[in-house]
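Overview (structure and organization)
Spelled out from the first residue to the last, the chains are:
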Amino acid sequence: MNESMTTQPGQTLISIKQLGKRFSNGFEALRGVDLDISEGEILALLGPNGAGKTTLISIICGIVTPSSGEVLVNGHSIIDDYRITRSMIGLVPQEIHLEPFTTVWKTVCYSRALFGKPSDPAYIESVLKDLSLWDKKDSIIMALSGGMKRRVMIAKALSHQPRILFLDEPTAGVDVELRQGMWKTVDRLRSNGVTIILTTHYIEEAEESADRVAVINSGEILLVDEKDALMRKLGKKTLVLNLKTPLAAIPDSLAEFELQMSDDGLELVYEYDTQRERTGISSLVQGLLDAGIGFRDLDTRENSLEEIFVDLVRQDS
Amino acid sequence: MNWRGVKAIYMSEMGRTIRTIVQSLVSPVISTSLYFVVFGSAIGSRITDIDGVSYGAFLVPGLIMLTVLTNAVSNAAFGIYFPKFLGHIYELLTAPLSFLEIVLGFVGAAATKSLVLALIILLTATFFVDVRIEHPWWMITFLVLTCISFSLLGFIIGIISNNFEQLQLVPLLVITPLVFLGGSFYAINMLPPLWQTISLFNPVLYLVSGFRWSFYGIGDVSIFASLAVVVAFCIVCLVVIWSIFKSGYGIKQ
Ligand SMILES: Nc1ncnc2c1ncn2[C@@H]1O[C@H](COP(=O)(O)OP(=O)(O)OP(=O)(O)O)[C@@H](O)[C@H]1O
Ligand SMILES: [Mg+2]
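In this text the structure is predicted, and so the values were computed from the model without any measurement. (Residues numbered from 1 in each chain as written. Chains lettered and ligands numbered in written order. Predicted model: local features only at pLDDT ≥ 70, side-chain atom pairs only at ≥ 80, totals over all residues. Heavy atoms only, no water.)

Counting secondary structure elements, chain B contains 10 helices and zero strands. Starting at the N terminus and ending at the C terminus, chain B contains elements arranged as α-α-α-α-α-α-α-α-α-α. Against the 2.2 N^0.38 benchmark of 18 Å for 253 residues, chain B shows a C-alpha radius of gyration of 19 Å, consistent with a compact globule. Taking the principal axes of its C-alpha atoms as reference, chain B extends roughly 60 × 35 × 35 Å. Counting only contacts in chain B whose residues sit at least 6 apart along the sequence, the fraction spanning at least 24 positions is 81%. Split by element, the accessible area of chain B, about 11100 Å² in all, is 72% carbon and sulfur. (Helix = DSSP H or I, 4+ residues; strand = E, 2+ residues; numbered from the N terminus. Rg over C-alpha atoms; globule rule 2.2 N^0.38 Å. Contact = heavy atoms within 4.5 Å. Areas by Shrake-Rupley, 256 points an atom, 1.4 Å probe, with all protein chains shown as cover.)

Secondary structure assignment for chain A yields 10 helices and 14 strands. Looking at the 317 residues of chain A, the share that counts as buried comes to 50%. When the accessible surface of chain A is totalled, it reaches about 15100 Å², and 47% of it is carbon and sulfur. (Buried < 20%, exposed > 50% of the residue type's maximum accessible area, 1.4 Å probe, protein only.)

As enumerated under the stated definition, the model contains 13 salt bridges over all chains in all. Two residues, R31 of chain A and E28 of chain A, come together in a salt bridge whose shortest N-O distance is 4.0 Å. With relative accessibility at 38%, the residue R31 of chain A sits in the partly exposed group. E101 of chain B is the partner of R83 of chain A in a salt bridge, and the nearest nitrogen-oxygen pair spans 2.8 Å. Separated into two different chains, R83 of chain A in helix 2 (residues 82–88) and E101 of chain B in helix 5 (residues 99–125) make up a pair that spans both. (Salt bridge = Lys/Arg side-chain N within 4 Å of Asp/Glu carboxyl O.)

Turning our eyes to something else, we now look at the site of ligand 1. The environment of ligand 1 is made up of 16 residues, and the closest members are N49, K53, T54, T55 and H201 of chain A. The environment of ligand 1 is shared, with nearby residues belonging to chains A and B. One of the side-chain nitrogen or oxygen atoms of E169 of chain A is found 3.3 Å away from an oxygen atom of ligand 1. With the chains in place, 71% of the 640 Å² that ligand 1 exposes on its own is no longer accessible. Ranked by the residues each element gives to the shell around ligand 1, the list is headed by helix 1 (residues 53–61) of chain A, at three residues. (Near = heavy atom within 4 Å. Polar contact = N/O pair within 3.5 Å; in protein donor to acceptor, adjacent residues only side chain to side chain.)

Moving on, we get to the environment of S41 of chain B. Residues and elements named next belong to chain B. Residue position: S41 is located in helix 2 (residues 21–43). Judged by relative accessible area, which is 41%, S41 ranks as partly exposed. For the pair formed by S41 and V129, sequence separation is 88 residues and the distance between their alpha carbons is 8.7 Å.

The subject of this paragraph is the interface of chain B and chain A. The interface is formed by 24 residues belonging to chain B together with 28 residues belonging to chain A. Its largest share of buried area at the contact with chain A, chain B owes to Y90, P96 and Q253 of chain B, together 27% of the area lost on that side. Linking chain B with chain A are two salt bridges. With a shortest N-O distance of 3.1 Å, K156 of chain A and E91 of chain B are connected by a salt bridge. (Buried area = accessible area lost by both parts, 1.4 Å probe.)

Further remarks concern a nonpolar patch on the surface. Residue and element names in this part refer to chain B. Residues V37, V38, I43, L123, F127 and F128 make up a contiguous nonpolar surface patch of roughly 580 Å² in combined accessible area. With three residues, the top contributor of residues to the nonpolar patch is helix 2. Assignment of secondary structure puts I43 in helix 2. (Patch = residues over 30% accessible without salt bridge, like charges linked within 9 Å, V, L, I, M, F, W, Y side chains within 5 Å.)

Residue and element names in this part refer to chain A. An order of 2-1-4-5 is seen for the four strands of this open sheet, with the pairing classed as antiparallel. Each edge of the open sheet carries a strand with a single partner, namely strand 2 (28–38) and strand 5 (76–77). Sheet topology note: the strand 4 (residues 68–73)/strand 5 ladder contains two bridges and is antiparallel. Looking at strand 5, one finds that V73 is bridged to H76. This element, helix 1, spans strand 1 (12–22), strand 2 and strand 4 of the sheet and lies at about 115° to strand 1. (Pairing = 2+ DSSP bridges. Axes fitted to C-alpha atoms, helices over the stretch in contact; angles between N-to-C directions.)

If you look at the biggest cluster of nonpolar residues, it comprises 78 residues, and the most contacted ones within it are L114 of chain A together with V60, I64, L69, L92 and F155 of chain B. The greatest single-element share of this core, amounting to 16 residues, is contributed by helix 3 (residues 55–86) of chain B. Sequence-distant contacts of V60 of chain B, that is, excluding residues within four places in its chain, are made with F36, L122, A125, V129, V131, F215 and Y216 of chain B. Grouped together as the second largest cluster of nonpolar side chains are 70 residues, L91, M182, V186 and A214 of chain A included. (Core = buried A, V, L, I, M, F, W, Y, C linked by side-chain atoms within 4.5 Å.)

Residues and elements named next belong to chain B. Here helix 10 (residues 223–247) contains 25 residues, and its C-alpha end-to-end distance of 37 Å stays within 8% of the 36 Å for a straight helix at 1.5 Å per residue. Considered for burial, the residues of helix 10 that qualify are I223, S226, V230, C234, C237, I241, I244 and F245. If you follow the buried residues of helix 10, they end up packed against helix 5, helix 6 (136–160) and helix 9 (203–216). (Expected span 1.5 Å × (residues − 1).)

All names here are of chain A. Spatially, 6-7-8-3-9-10 is the arrangement adopted by the six strands of the open sheet, whose pairing is mixed. The outermost strands of the open sheet, each flanked by one partner alone, are strand 6 (89–92) and strand 10 (220–226). Adjacent strand axes in the sheet meet at a mean angle of 15°, parallel and antiparallel pairs treated alike. Two strands pair when backbone bridges link them, and strand 7 (residues 164–168) and strand 8 (residues 195–200) are joined in this way by five bridges, in the parallel orientation. Considered in strand 8, the bridge of D168 is made with T199. Along the sheet, helix 5 (residues 146–158) contacts strand 6 and strand 7; its crossing angle with strand 6, the most-contacted strand, is approximately 170°. Most of the contacts of helix 6 (residues 176–191) go to strand 8, to which it runs at about 150°, and overall it touches strand 3 (42–46), strand 7 and strand 8.

Take a look at the structure:
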């Protein structure tokens, strides 16, 4: 079971070709997905609920069988050479699945053994320490908190020293502290050359961690891009102004801002680009004051993923 | 072969038994002892010898089979159903393990447990009745084959069950009647002719008969018929499991 081919950083490590999945109920969860993932990169799979992220990951890891297309990991087919490909991969699934009655130490060692690796207590110790689980090593899984269980899931995925790590929504239901700890772990792994694929609903999360972002919706990859390029495209925000008194019409002096007004005339909406040098907010506020329009409250929000998808699909066609 | 993986599954399954030692070993021993007291001593003293064997001694092979069959099935069924139910089966599917290796781990453990249980019950029986074993090698062969084949059956039940009711229903509705009607407590020539014929379609009869023959040299059917049935049963189970894994039914989408 040797990994005959080795790749250099930047070379394609996972190659997904025309991958399709139709479930037994006839639902088509993936439609001809093409995606190349390079050695050593962090790729974020960004997409709304039901986009097919988990399905894609599950196929690569061996949980779901593909209906069409193929996946090569380091040049090996995930079907014909599953032993080679699976030994290279660690998976942290979206949901926590742990045997409740065993201990942290035992379950992590068990995972390593399933992958056919000789036991290595020193390595397991270092994994548990990195994830702040060392003092819990003899605890029964059942007695751990949700966040600790999630860390145990990560420890299990890392137990066999994988070259590729899949993190399916690693930050779902995780507090800020653990989230930061998790990104530290990701950074450390990445500097050790581990290729990481993570899924997320949140643009900020992709922004924070990834080198490249693939946007997936309804089983199709809409675009794959370097993160920085993508943020420029997607980094729009919305400013909502609640007015003191209803407005009949938007004054001409504010025309350049392309404001939207609600029907009752009590709300003005301004869309701006966070990546630009000047967002135009201060001149808008000045313009409002000059026009004698007072506002009670203001609120900004990130463009929702849905809006971004609408944008993307519109740009596509 | 990923032997480390097989060993990991095997040891983890054995560990589960040790955690639940009372359920796994003590309670079958107590219940079989009660059978010996009630049927062997209390009622058995009123029953004449069967083919020159006292009723208490006659019961021993049948009772061992009864326990082995039900425990092999429930151990293996629960062993694989549990990770399926709780979702940690994902680990087995993502590991570099073949279907054969997964089966070997789970079925090996379930069969080992049933074998140990059988030996403990045999030992317990010697406290109540005079047990003699005329053909020890045949006895071991039968026991091992039975442990394996019914663990395989349990594995199948565990995989195709979608809830706890189904998991318990098959053993309750199928295994227990087959065992009770399979001559555990009587020789089939004690039955009316029609029921004798019907009994010949019960695979468990062949197991009990072959097993009893290895103890006392008496059986309802020939030892080779018994051997053929248990081997055939084993093969059928293996084929079913192989096709389940091939299609992914019950575990993979
Ligand atoms: N076993 C299954 N049978 C039928 N349909 C399924 C099955 N598993 C998933 N699906 C469907 O496939 C689609 C993609 O699901 P998937 O879990 O891959 O989405 P996701 O991108 O991971 O979503 P989320 O962000 O909610 O985790 C969904 O519409 C889902 O309902
Ligand atoms: Mg998902």
